[in-house]
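Coordinate inspection notes
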Amino acid sequence: RDRFLRAANQLMSGRTCIAAASVTVCKFSLLCALRYSIFRSYARFDGSTTLLYDMLSQRKALLPLLASTYAIAFTVNDVKTKFAQVINGDQTSVTDLICGLKSYATALAIEASAVSRDKTGAMGLIAMNRLADLNAVAVSLSVVEGDQMVLAQKAAKGLLDDFQKSFSKNGLVKSVIQMKLKTMRLNAGIHGSVCSSEVQQTLFELREHTLLNELATALYQKKKQNMNMLDAWSRCHLDLVLAVHRAWMEKIILCNFLRVIPEAPQELRPALKNMCTLFALSAIDRDAGWFLANTSMSRASAADVKNAITALCLHISADEALALVDSFGIPEPLLPPMAHPTKWHGFDDI
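Residues numbered from 1 in each chain as written. Predicted model: local features only at pLDDT ≥ 70, side-chain atom pairs only at ≥ 80, totals over all residues. Heavy atoms only, no water.

Concerning the pattern of salt bridges
We apply this condition: Throughout this description, the term salt bridge denotes a Lys or Arg side-chain nitrogen within 4 Å of a carboxyl oxygen of Asp or Glu. Going along the chain from the N terminus, every DSSP run of H or I of four or more residues is numbered as a helix, and every run of E of two or more is numbered as a strand. The buried label applies to any residue whose accessible area, calculated with a 1.4 Å probe on protein chains only, is under 20% of its type's maximum; exposed applies above 50%, and partly exposed to all values in between.
All told, the structure shown has 14 salt bridges when counted by the stated rule. Among the salt bridges present, the one from K82 reaches D78, with a minimum N-O distance of 3.2 Å. Of this pair, K82 and D78 both sit in helix α3 (residues 56–86), 4 residues apart, which is roughly one turn of that helix. With a relative accessible area of 36%, K82 lands in the partly exposed category. Accessibility expressed as a relative area gives 16% for D78, which makes it buried. Its salt-bridge partner being D285, residue K306 comes within 3.0 Å of it at the nearest N-O pair. Residue K306 is located in helix α13 (residues 299–315), and its partner D285 is located in helix α11 (residues 269–286); the two are separated by 21 residues in the primary sequence. On the basis of relative accessibility, which here comes to 47%, the residue K306 falls in the partly exposed class. Residue classification places D285 among the partly exposed residues on the basis of a relative accessible area of 23%.

With respect to the packing of aromatic side chains
Our working definition: Centre distance within 6.5 Å is the pairing criterion for rings of Phe, Tyr and Trp, where only the six-membered ring of Trp is used; planes under 30 degrees apart are then read as stacked, over 60 as edge-to-face, and the remainder as tilted.
Within this structure, the stated rule accounts for 4 aromatic pairs. Both rings, one in Y70 and one in F328, keep their centres 5.5 Å apart while their planes meet at 40 degrees; by these two values the pair is tilted. In this pair, Y70 sits in helix α3 while F328 sits in the segment after α14 (318–326), placing the two residues 258 residues apart along the sequence. For the pair Y70 and F328, a shared accessibility class is recorded, and that class is buried. With centroids separated by 5.2 Å and ring planes inclined at 85 degrees, the aromatic side chains of W290 and F291 adopt a geometry described as edge-to-face. Look at W290 and you get buried, because its relative accessible area is 15%. Through a chain of ring-to-ring contacts, the aromatic side chains of Y70, F74, F257 and F328 assemble into a single cluster.

Printed below as a string of structure tokens:
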């Protein structure tokens, strides 16, 4: 087992490349879907036409994924820089981060390619538009080392090992942990705007620390009952393990995004801020049940999150969405017909 783990730890460069490739799949899929949505019009009951992008369902399906793509792209760039600094030395400091990022990025690529194919109708199924192929590529990237949750578990295990440093000889220093969690709850989004980056960061940190504390406590109780730790991990608490991984990765991704915004040119900051806010709100909304169950957020705040997502999606105009995807820099000759306003009309003549 140790020999296998040592060999597996040498695969960091490949995992970093897979994470970067997954971001490329997200970019290409969403560029095709959003450009098609912006150029494609449909007939209304009164005989007029409107853009597919004007449908709220289209925006709410694609724009949060676009925000997630921007967010994870900045983290991938940061990880590539960190890995380059240790590539010829001890890579322990980035091992868990790369494993967690590869798992998260490939899952996002599968979702982005599948949703993009779904939201473009029959155009998404035509072979020359390549969305079906991109979805197959995303799946293959995800299963290069088996199920993506394997690396998610590895990352969560590394995080748990670091967390165990706060154990004393008599067990977990519960008073310190509970005091910290109580303070974080008081500073969480119960009071304040859900669009505030400070509130979002606090909620993300609260979720990560609470889940990690819950996992450590649960495993400690199973150990006291003389239960095999592998069984406790995989049969009893695997959902919690994967939740820890997701919470940790999303906290890191949000922090990296917030760090990049002030460094960007002034004219780009409003668009990046919108993307960052949409990413954070979408992650909070996805886990709204957990935040409510753990009294980290009120019912009114949970409703505010949904309303803010809707308002932000409506605020991002077609021109802004087009600029956001065109900024990926994918050359026009590489784009399929559905992404060109003058080419996909030719399908009507087939």
